[in-house]
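# Structural description and commentary
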Amino acid sequence: MYKGKKNSRFLKLPFNPVERAREVERIVMHNGKRKYYRFRYTRYYGGIVTADTVGCDLLCAYCWNYFKNLHPERYGEFYSPEEVAERLLKIARAKNCYLFRISGAEPILGKDSAKHVARVIASTSGEFILETNGLMFGYSPELVDLFVGLNVVVRVTVKGWDEESFEKITGAKGEFFHYQLEALEVLAEKGIPFWVAVMYDVFGEEGVETLRNKLPVPCRVEYEHLETYPFVLENLKKRGIILRD
Ligand code: SF4
């Protein structure tokens, strides 16, 4: 079976996340199919049916799926949008839960992956929470058009309060931080409901306040908390990130 192209380039920090998005999309997408490694029901959002994928344009120090996103070529099998929807709906019927999401990685890496996600959403009956870091929505606003009219709410996880914190947290060049904020503007313009999530243990009150003052549109800010796996603590230490009280 086709396993995807090799993640050839050594990932040197800080990297260009748009180039990384293109490279990763080439690995995790093949003929409209995307790599997934698990389908499950989880307790988040009061219960949600979840498809776990691999491959991200960022490499956050606190990513719970760090190793799979560092080496997306090693994990998962390819599924078409219809195959993903079928798997999700089977779990939904068993659990009587019609709330869906894709987790584990970044769903939106470029046009191919965005089209794939839009088709998954259109093929599932129920509400979809699109969890994204928003960077590629900010960089290529036309990708947002694919989601207009779908039953979707977008949760944008903003990864810093300025360029410096973004670079430390994500491993990507700080100059790309503004695309996350621009994504919010585009979503608002196109009438797609969304909210922002931040990692409170890393941001602290000061980071959250600094970010709030930069938000281009008013929106709810959700606080996430760290999963303190040993590798997460090690990654944070290596990047010089200090946890807030
Ligand atoms: S954006 Fe999300 S999926 Fe990507 S590396 Fe960061 S935490 Fe992981």
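Note: the structure precedes this text.
Residues numbered from 1 in each chain as written. Predicted model: local features only at pLDDT ≥ 70, side-chain atom pairs only at ≥ 80, totals over all residues. Heavy atoms only, no water.

Oppositely charged side chains can pair when the atoms bearing their charge come close. All told, the structure shown has 9 salt bridges when counted by the stated rule. The partner of E222 in a salt bridge is R155, and the shortest N-O contact between them spans 2.9 Å. You can see E222 sitting in strand β9 (residues 221–224) and its partner R155 sitting in strand β7 (residues 152–157), a full 67 residues away along the chain. By relative accessible area, R155 is classed as buried at 7%. (Salt bridge = Lys/Arg side-chain N within 4 Å of Asp/Glu carboxyl O. Helix = DSSP H or I, 4+ residues; strand = E, 2+ residues; numbered from the N terminus. Buried < 20%, exposed > 50% of the residue type's maximum accessible area, 1.4 Å probe, protein only.)

For the rest of this paragraph, the subject is the side chain of D52. Within the secondary structure layout, D52 lies in strand β3 (residues 48–53). A distance of 2.5 Å separates polar atoms of two side chains, one belonging to D52 and the other to R40. The residues contacting D52, other than those within four sequence positions of it, are Y36, Y37, R38, R40, W64, S103 and G104. (Polar contact = N/O pair within 3.5 Å; in protein donor to acceptor, adjacent residues only side chain to side chain. Contact = heavy atoms within 4.5 Å.)

So, on to the nonpolar core. Core analysis: the largest hydrophobic core is formed by 84 residues, its most contacted members being Y62, I108, F137, F147 and L211. The element contributing the most residues to this core is helix α7 (residues 177–189), with 7 residues. Ignoring sequence-local partners within four residues, the contact set of Y62 consists of K159, I169, M199, V202, L226, V232 and L236. (Core = buried A, V, L, I, M, F, W, Y, C linked by side-chain atoms within 4.5 Å.)

Inspection of the entire model under this criterion finds 15 aromatic pairs. Plain terms: the ring middles of W161 and F203 are 5.1 Å apart, the flat faces sit at 65 degrees to each other, and that makes the pair edge-to-face. Taken as a pair, W161 in the loop between β7 and α6 (163–170) and F203 in helix α8 (residues 200–214) lie far apart in primary sequence, 42 residues in all. Relative accessible area serves as the criterion here: at 1%, F203 is assigned to the buried category. Ring pairing ties together the aromatic residues Y66, F67, Y229 and F231, which thus form one cluster. (Phe/Tyr/Trp six-rings, centres within 6.5 Å; stacked < 30°, edge-to-face > 60°.)

Distances and angles like these do not, on their own, reveal function.
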